[in-house]
Amino acid sequence: GMLRSEAEAAAALHHPNIVTVHDLGSAGGEGWLVLELLRGETLEERLHRGPLPGPESLRVATEIARGLAHAHHAGVLHRDLKPSNVFLCDDGTLRVLDFGLAHAFGRRRIDGGTPDFMAPEQWRGAPEDERTDVFALGVLLYRMLAGELPFPDDGGRSATSARPAPRLEVPDLPGLGPLVAAALEKDPVDRPRDAGAVVEA
């Protein structure tokens with residue numbers, strides 16, 4: 001079905017910042033994946049030790065955005081970008097994990113996302129597009145730089161309120177605050193159009 005072809009499209013992505021899927025299939029109603037072996041830790045594990053310095057946050061966000069841009073160009077959305085889906089390899093490289101694959105294999109999340117990283121349109125059940133991933137990337141970048149989430153801990157629901165995210169001031173990277181604010185706009189029309197636009201910015 002559609003989800004199956006989505007999984008195959010995701011598995012066909014080949015980019016240095018996206019985990020390589022060597023094989024996928026299903027047997028007895030269970031889906032399986034063969035992924036490249038990665039050594040290191042997730043961004044979630046890294047963030048438990050404290051916020052990332054500005055330049056490191058920028059590097060990580062840029063690599064995530066490059067992987068996402070490649071996927072968006074191929075017509076694939078991630079839909080569940082969050083720190084546990086970003087892997088920091090011991091060799092200094094980064095891979096984005098789980099491109100639409102959990103979705104395709106029937107592990108349904110809360111209407112297609114993880115609450116703290118869900119865009120307003122996901123909460124509303126409105127159509128998702130590349131800008132939904134851009135919002136999640138904005139939350140990630142905010143979380144890396146500020147050491148906390150942009151919307152207070154109410155399970156992310158304040159993403160649907162009219163209140164904008166708090167402004168980030170990054171002294172050594174003055175253009176970064178406005179970019180994060182743009183990614184976190186409540187109306188998708190006001191966000192960068194896709195991850196490629198984020199990479200350029």
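Structure shown above.
Scope of this entry: the structure provided in the associated data block. (Residues numbered from 1 in each chain as written. Predicted model: local features only at pLDDT ≥ 70, side-chain atom pairs only at ≥ 80, totals over all residues. Heavy atoms only, no water.)

Another aspect to go through is the layout of surface pockets. Using a probe with the size of a water molecule, rolled over the atoms, empty space left in the structure can be pinpointed. Estimates place the volume of the largest pocket at around 230 Å³. Residue lining of the largest pocket: 17 residues in total, with Leu-58, Leu-176, Leu-179, Val-198 and Ala-201 positioned closest to the centre. Among the elements of the structure, helix H3 (54-73), helix H6 (130-146), helix H7 (176-183) and helix H8 (195-200) are those that each provide at least two residues to the lining of the largest pocket. Within the lining of the largest pocket, the residues separate by chemical class into 14 nonpolar, 3 polar and no charged. The computed volume of the second largest pocket comes to approximately 200 Å³. In terms of lining residues, the second largest pocket is bounded by Glu-44, Leu-47, His-48, Lys-82, Pro-83, Ser-84, Asp-116, Phe-117, Arg-143 and Leu-149. (1 Å grid on protein atoms, 1.4 Å probe; cavity = no way out; pocket = protein on both sides within 12 Å on 5 of 7 lines; lining within 4 Å. Points joined across faces, edges and corners; volume = space filled by probe spheres on them. Helix = DSSP H or I, 4+ residues; strand = E, 2+ residues; numbered from the N terminus. Nonpolar A, V, L, I, M, F, W, Y, C, P; charged D, E, K, R; others polar.)

Looking now at the packing of aromatic side chains. What the rule picks out here adds up to 1 aromatic pair. Taken together, a centroid distance of 6.2 Å and an interplanar angle of 5° make the contact between Phe-135 and Phe-151 stacked. Pair noted here: Phe-135 is in helix H6 and Phe-151 is in the loop between H6 and H7, with a separation of 16 residues, a long-range link. (Phe/Tyr/Trp six-rings, centres within 6.5 Å; stacked < 30°, edge-to-face > 60°.)

Summarising the sheet, strand S1 (residues 21-27) and strand S2 (residues 30-35) pair through 6 bridges and their orientation is antiparallel. Among the inter-strand pairings, Gly-25 is bridged to a residue of S2, identified as Trp-32. Here S1 folds back onto S2 in antiparallel fashion, the turn holding 2 residues, of which Gly-28 has a positive phi close to 60°. (Pairing = 2+ DSSP bridges.)

Attention now goes to the packing of H6 against H7. Following both chains from N to C, one finds H6 and H7 inclined at 140°, their axes separated by 8 Å at the closest point. Judged by the angle between their axes, H6 and H7 are oblique. Relative to H7, H6 is oriented so that their crossing is left-handed. Touching Val-134, Phe-135, Gly-138, Leu-141, Tyr-142 and Leu-145 of H6 are Leu-176, Val-180 and Ala-183, all from H7. (Axes fitted to C-alpha atoms, helices over the stretch in contact; angles between N-to-C directions. Parallel < 35°, antiparallel > 145°, perpendicular 65-115°, else oblique. Left-handed = near helix turned anticlockwise from the far one by under 90°. Contact = heavy atoms within 4.5 Å.)

This part is about H7. The buried count for H7 comes to 6 of 8 residues, which makes it a mostly enclosed element. Of all the residues in H7, the buried ones are Leu-176, Gly-177, Leu-179, Val-180, Ala-181 and Ala-183. At its buried positions, H7 is contacted by H3, H6 and H8. (Buried < 20%, exposed > 50% of the residue type's maximum accessible area, 1.4 Å probe, protein only.)

Going through the model one piece at a time under the given rule, you end up with 8 salt bridges. The shortest N-O distance in the salt bridge between Arg-95 and Glu-36 comes to 3.0 Å. In this pair, Arg-95 is assigned in strand S5 (residues 94-96) and Glu-36 in the loop between S2 and strand S3 (40-42), connecting sequence segments 59 residues apart. For the pair formed by Arg-95 and Glu-36, the shared burial category is buried. Residues Glu-63 and Arg-59 are paired through a salt bridge, measuring 2.7 Å at the closest nitrogen-oxygen approach. (Salt bridge = Lys/Arg side-chain N within 4 Å of Asp/Glu carboxyl O.)

Grouped together as the largest cluster of nonpolar side chains are 47 residues, with contacts concentrated most on Leu-43, Ile-64, Leu-81 and Phe-99. If one sorts the elements of this core by residue count, H6 sits on top with 10 residues. Apart from residues lying up to four places away in sequence, Ile-64 is in contact with Leu-81, Val-86, Leu-94, Val-96, Leu-137 and Leu-140. Core analysis: the second largest hydrophobic core is formed by 5 residues, Val-19, Leu-38, Phe-87 and Cys-89 among them. (Core = buried A, V, L, I, M, F, W, Y, C linked by side-chain atoms within 4.5 Å.)

Take it as geometry only, folks, not as evidence of what the structure does.
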